[in-house]
Amino acid sequence: MKQFIFALISILPLALSANIGSYVYSFHINNVTVDGNASDWKGRGSIEFVKPTSSIKATFRTAYNSEEGSLYFFVTVEDDDYQFDATKEWHQNDNIVIYLDPIHSERASTCMMLILNEDGAIFKQTDDAHQLLSKDNTRAVVKIEGSRRYYEGKIKLPEYIKTNRSIGFDIMTIDVDKGEENKYLHWAPGGLKDYRSGQLGDLVMLAEESEFSGTFTGKLGWKNDIDEPLPKTVRIKSIDEPELWISIPVDSTGVFSGELPTGKHKLLPSTKITSHLE
């Protein structure tokens, strides 16, 4: 039987960072008008998910409103070669894709895609049993100013958008440039995410007054002498809030680290099936 040893190495007091690996903490927000204008987002830090290159850079921000049960996002893309042709397929144009796994099961979940471009929104949902996104609960605006594009949106899912809960989340921008191969640039690593919810990042919805204890560091290893690679991620789950859990990466030596809100948590090896179809 395979058994793991978790060794907690250190806890260091450190200011909260916007994200560690592929998870992000999101906080409550009020009075947001979905209009492509960032003025409602003052004081909300943005996360760079595409490192600046010669042609493109991109950032995103997220927040939620627990009374509405709504998730908000604001994405900025700077691109000096914008390409859009309404006669082409969505993946052959410059646009963004929001991936969501609202159910966020620890075993296997469904993944949904919200594709945004200047023509509007496209919904792709691979699981017929969970068609959660629609024009009725989604509002999005695309605003283009010179080489900058702004994507702002609101997704209302009251059953899943709650304080002290996590959901699967990722974002991708497609960069189409004349004479070059298309680039598909994700926040979290991996591809084919519409069938692989386990490759999404985690978005954690916290109360504004949540406190953080600092950074923890640990090490994962086999209890017995087993000649097998270690898992690539470890799961950290809140004991007080069972719907709040994240997966964080484990490096080749078994070391993992991150930041957690103050409270009791347990560490588990990640065993999540990556597709609800498997």
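Since we're looking at a predicted model, the values are computed, not measured. (Residues numbered from 1 in each chain as written. Predicted model: local features only at pLDDT ≥ 70, side-chain atom pairs only at ≥ 80, totals over all residues. Heavy atoms only, no water.)

A.B. asks: What's the story with the overall build of the chain in this structure? I'm lost.
C.D. replies: Secondary structure summary: the chain contains 0 helices and 18 strands in total. Per-residue burial over the chain gives 46% buried out of 278 residues. Long-range pairs, those at least 24 residues apart, make up 67% of the contacts in the chain with a sequence separation of at least 6. Carbon and sulfur atoms form 48% of the exposed surface of the chain, whose accessible area is close to 13700 Å². (Helix = DSSP H or I, 4+ residues; strand = E, 2+ residues; numbered from the N terminus. Buried < 20%, exposed > 50% of the residue type's maximum accessible area, 1.4 Å probe, protein only. Contact = heavy atoms within 4.5 Å. Areas by Shrake-Rupley, 256 points an atom, 1.4 Å probe, with all protein chains shown as cover.)

A.B. asks: Which parts of the structure should I look at to understand the sheet that holds strand E9 (residues 138-145)?
C.D. replies: Sheet strands line up and pair through hydrogen bonds in the backbone, either parallel or antiparallel. The antiparallel open sheet is built from 5 strands, whose spatial order is E3-E4-E5-E10-E9. Pairing within the sheet leaves two strands with one partner each, and these edge strands are strand E3 (47-50) and E9. Across the sheet, the mean angle separating the axes of adjacent strands is 20° when strand polarity is ignored. (Pairing = 2+ DSSP bridges. Axes fitted to C-alpha atoms, helices over the stretch in contact; angles between N-to-C directions.)

A.B. asks: Where do I start with the pairing of strand E15 (residues 233-238) in this structure?
C.D. replies: Consecutive side chains of a regular strand alternate in pointing toward one face of the sheet and then the other. Counting buried positions over the 6 residues of E15 gives 5, a clear majority of the element. Here E15 pairs with strand E16 (residues 245-249) via 5 bridges, running antiparallel. Residue pairing for E16: Arg-235 is matched across the bridge by Ser-247. Taking the residues that link successive antiparallel strands as the turn, the E15-E16 hairpin has 6 residues.

A.B. asks: Just to check I follow, could you spell out unusual backbone geometry for this structure?
C.D. replies: One can expect most non-glycine residues to show negative phi and most peptide bonds to be in trans. The phi torsion at Asn-31 lies on the positive side, around 55°, for a residue other than glycine. Position of Asn-31 relative to the elements: it lies in the loop between strand E2 (23-27) and E3. On the basis of relative accessible area, Asn-31 is assigned to the exposed category, the value being 72%.

A.B. asks: Can you walk me through the pattern of salt bridges in this structure?
C.D. replies: One side chain can pair with another of opposite charge once the charged atoms of both are near each other. As enumerated under the stated definition, the model contains 10 salt bridges in all. Between Glu-68 and Lys-154 there is a salt bridge whose closest N-O contact spans 3.6 Å. Of the two residues, Glu-68 is situated in the loop between strand E4 (56-65) and strand E5 (70-79) and Lys-154 in strand E10 (residues 148-156); the sequence distance between them amounts to 86 residues. Given a relative accessible area of 28%, Glu-68 falls into the partly exposed group. Using a relative accessible area of 25% as the deciding quantity, one classes Lys-154 as partly exposed. Across the pair Glu-78 and Arg-148 runs a salt bridge whose closest N-O atoms are separated by 3.1 Å. Remark: Arg-148 occurs in strand E10 and Glu-78 occurs in strand E5; sequence separation between them is 70 residues. The exposure class of Arg-148 is partly exposed, given its relative accessible area of 36%. Overlapping salt bridges, with partners in common, bring together Asp-175, Asp-177, Glu-180 and Lys-183 in one network. (Salt bridge = Lys/Arg side-chain N within 4 Å of Asp/Glu carboxyl O.)

A.B. asks: Even after reading the chapter, I still don't get the confidence of the model for the chain, so can you show me in this structure?
C.D. replies: Low pLDDT means the predicted coordinates in that region are not meant to be read closely. Averaged over the chain, the pLDDT score is 84; the fraction of residues at 70 or greater is 86%. Ranking the elements of the chain by mean pLDDT puts strand E1 (residues 4-12) last with 42 and E10 first with 97. (pLDDT = per-residue confidence, 0-100.)

A.B. asks: Explain the nonpolar core here, please?
C.D. replies: Across soluble globular proteins, nonpolar side chains show a tendency to be buried alongside one another. Membership of the largest hydrophobic core comes to 31 residues, with the highest contact counts inside it found for Val-75 and Trp-187. Secondary-structure elements contributing two or more residues to this core are E3, E4, E5, strand E6 (95-101), strand E7 (112-117), E10, strand E11 (165-175) and strand E13 (201-206). The residues contacting Val-75, other than those within four sequence positions of it, are Phe-49, Thr-59, Phe-60, Ile-96, Arg-149, Tyr-150, Tyr-151 and Ile-171. (Core = buried A, V, L, I, M, F, W, Y, C linked by side-chain atoms within 4.5 Å.)

A.B. asks: Even after reading the chapter, I still don't get the packing of aromatic side chains, so can you show me in this structure?
C.D. replies: In this description, an aromatic ring pair is defined by two values, namely the gap between the centres and the angle between the planes. According to the stated counting rule, one finds 9 aromatic pairs in the structure shown. Considering the side-chain rings of Tyr-25 and Phe-212, the 5.0 Å spacing of their centres and the 65° angle between planes classify their relative orientation as edge-to-face. Highlighted residues: Tyr-25 in strand E2 and Phe-212 in strand E14 (residues 212-222), separated in sequence by 187 residues. Judged by relative accessible area, Tyr-25 falls into the buried class, the value being 9%. Note on Phe-212: relative accessible area 21%, which makes it partly exposed. (Phe/Tyr/Trp six-rings, centres within 6.5 Å; stacked < 30°, edge-to-face > 60°.)

A.B. asks: For this particular structure, what's the right way to read the environment of Pro-249?
C.D. replies: Summarising the element assignment, Pro-249 is placed in strand E16. Looking at Pro-249, the relative accessible area reads 45%, which means it is partly exposed. Between the alpha carbons of Pro-249 and Lys-232 there is a distance of 5.8 Å; along the sequence they are 17 residues apart. When residues no more than four places from it in sequence are discounted, the contact partners of Pro-249 are Lys-232, Thr-233, Val-255 and Phe-256.

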